[in-house]
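# Report on the structure
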Amino acid sequence: MQIALNVNVQVQDGTLVLTDPAGKTVTFSKDQIVQKKISMIALGELCGLPKRQLANGFGFKTRKSYYDCRNTVLNGPPEELVPQRRGPHTRSKRTREVEALIIRTRFETDLNMYEIAETLTEQGFPVSARLVGRVLADYGLSKKNG
């Protein structure tokens, strides 16, 4: 069985719009990212469009995005099509309270950043020496001025 496919692909206000010559349209919102990826790969496999142009039509920026999606659609498990949360997965340990404790400890004692980190950890504030160093550097306290 042969199927001829003639579809116009557009992105309007973050919504993917597929239109055939008869004027029938199918729309996919930004929230339907899985369907958007599968449709992009299906069109990419069936038509001869350049992959970068196809990816741009579906709201992706690069040709590599197309091939990453293609690999996931054709070879990966379905769970990988769902977008993963990006960025830090835990809350920052650097709070105003911790910053205040670091600065107060620096002024009240002659401890270096490693000793300050150890002291605060013993007090129940699990901070790293690197965090202490960053706070001291941000406030210009990385070296004690005599």
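Refer to the structure printed above.
Keep in mind it's a predicted model, so treat the numbers as computed, not measured.

When its secondary structure is counted, the protein shows 6 helices and 3 strands. Helices (α) and strands (β) of the protein occur, in sequence order from the N terminus, as β-β-β-α-α-α-α-α-α. Computed over C-alpha atoms, the radius of gyration of the protein comes to 27 Å, more than 25% over the 15 Å expected from 2.2 N^0.38 for 146 residues, which places it beyond the range of a compact globule. Taken over the C-alpha atoms alone, the protein extends approximately 85 × 30 × 25 Å along its principal axes. Contacts in the protein between residues at least 24 apart in sequence constitute 42% of all its contacts with a sequence separation of at least 6. When the accessible surface of the protein is totalled, it reaches about 10700 Å², and 51% of it is carbon and sulfur. If you average the places of the 22 positive and of the 15 negative side-chain charges in the protein, the two averages end up 7 Å apart.

Ile102, Ile116, Leu120, Val127, Val132 and Leu136 are the most contacted members of the largest nonpolar core, which has 14 residues in total. Mapped by element, the contributors of at least two residues to this core are α4 (96–108), α5 (113–122) and α6 (129–138). Looking at which element gives the most residues to this core, the answer is α6, with 5 residues. If we skip the residues at most four places from it in the chain, Leu120 touches Leu101, Ile102, Thr105, Phe125 and Val127.

It is worth spelling out the pairing of strand β3 (residues 25–28) at this point. By the bridge criterion, 4 bridges tie strand β2 (residues 15–19) to β3 in an arrangement that is antiparallel. Of the residues in β3, the one forming a bridge with Leu18 is Val26. Linking β2 back to β3 in an antiparallel pair, the connection comprises 5 residues, with Gly23 at a positive phi of about 100°.

Axis separation between helix α1 (residues 33–46) and helix α3 (residues 63–75) bottoms out at 9 Å; the angle between their running directions is 100°. When the axes of α1 and α3 are compared, the pair comes out roughly perpendicular. In this structure, α1 uses Lys37, Ile38, Met40, Ile41, Gly44 and Glu45 to contact α3, whose residues at the interface are Tyr66, Cys69, Arg70, Val73 and Leu74. Taken together, the residues of the contact of α1 with α3 sort by class into 7 nonpolar, 1 polar and 3 charged.

Here we take up the environment of Thr119. Examined against the element boundaries, Thr119 turns out to sit in helix α5. It is 9.7 Å that separates the C-alpha atoms of Thr119 and Ile102, two residues lying 17 residues apart in sequence.

Taken as a whole, this structure holds 5 salt bridges when the rule is applied. Each of Arg94, Arg96, Glu99 and Asp138 takes part in a single network of salt bridges with overlapping partners.

In this section: α4. Along its 13 residues, α4 runs 18 Å from first to last C-alpha, staying within 8% of the 18 Å computed at 1.5 Å per residue. Val98, Glu99, Leu101, Ile102, Ile103, Thr105 and Arg106 are the residues of α4 that are buried. If you follow the buried residues of α4, they end up packed against α5 and α6.

Reading the values: rules and limits
- Residues numbered from 1 in each chain as written.
- Predicted model: local features only at pLDDT ≥ 70, side-chain atom pairs only at ≥ 80, totals over all residues.
- Heavy atoms only, no water.
- Helix = DSSP H or I, 4+ residues; strand = E, 2+ residues; numbered from the N terminus.
- Rg over C-alpha atoms; globule rule 2.2 N^0.38 Å.
- Contact = heavy atoms within 4.5 Å.
- Areas by Shrake-Rupley, 256 points an atom, 1.4 Å probe, with all protein chains shown as cover.
- Lys, Arg positive; Asp, Glu negative; His and termini not counted.
- Charge placed at Lys NZ, Arg CZ, Asp CG, Glu CD.
- Core = buried A, V, L, I, M, F, W, Y, C linked by side-chain atoms within 4.5 Å.
- Buried < 20%, exposed > 50% of the residue type's maximum accessible area, 1.4 Å probe, protein only.
- Pairing = 2+ DSSP bridges.
- Axes fitted to C-alpha atoms, helices over the stretch in contact; angles between N-to-C directions.
- Parallel < 35°, antiparallel > 145°, perpendicular 65-115°, else oblique.
- Nonpolar A, V, L, I, M, F, W, Y, C, P; charged D, E, K, R; others polar.
- Salt bridge = Lys/Arg side-chain N within 4 Å of Asp/Glu carboxyl O.
- Expected span 1.5 Å × (residues − 1).

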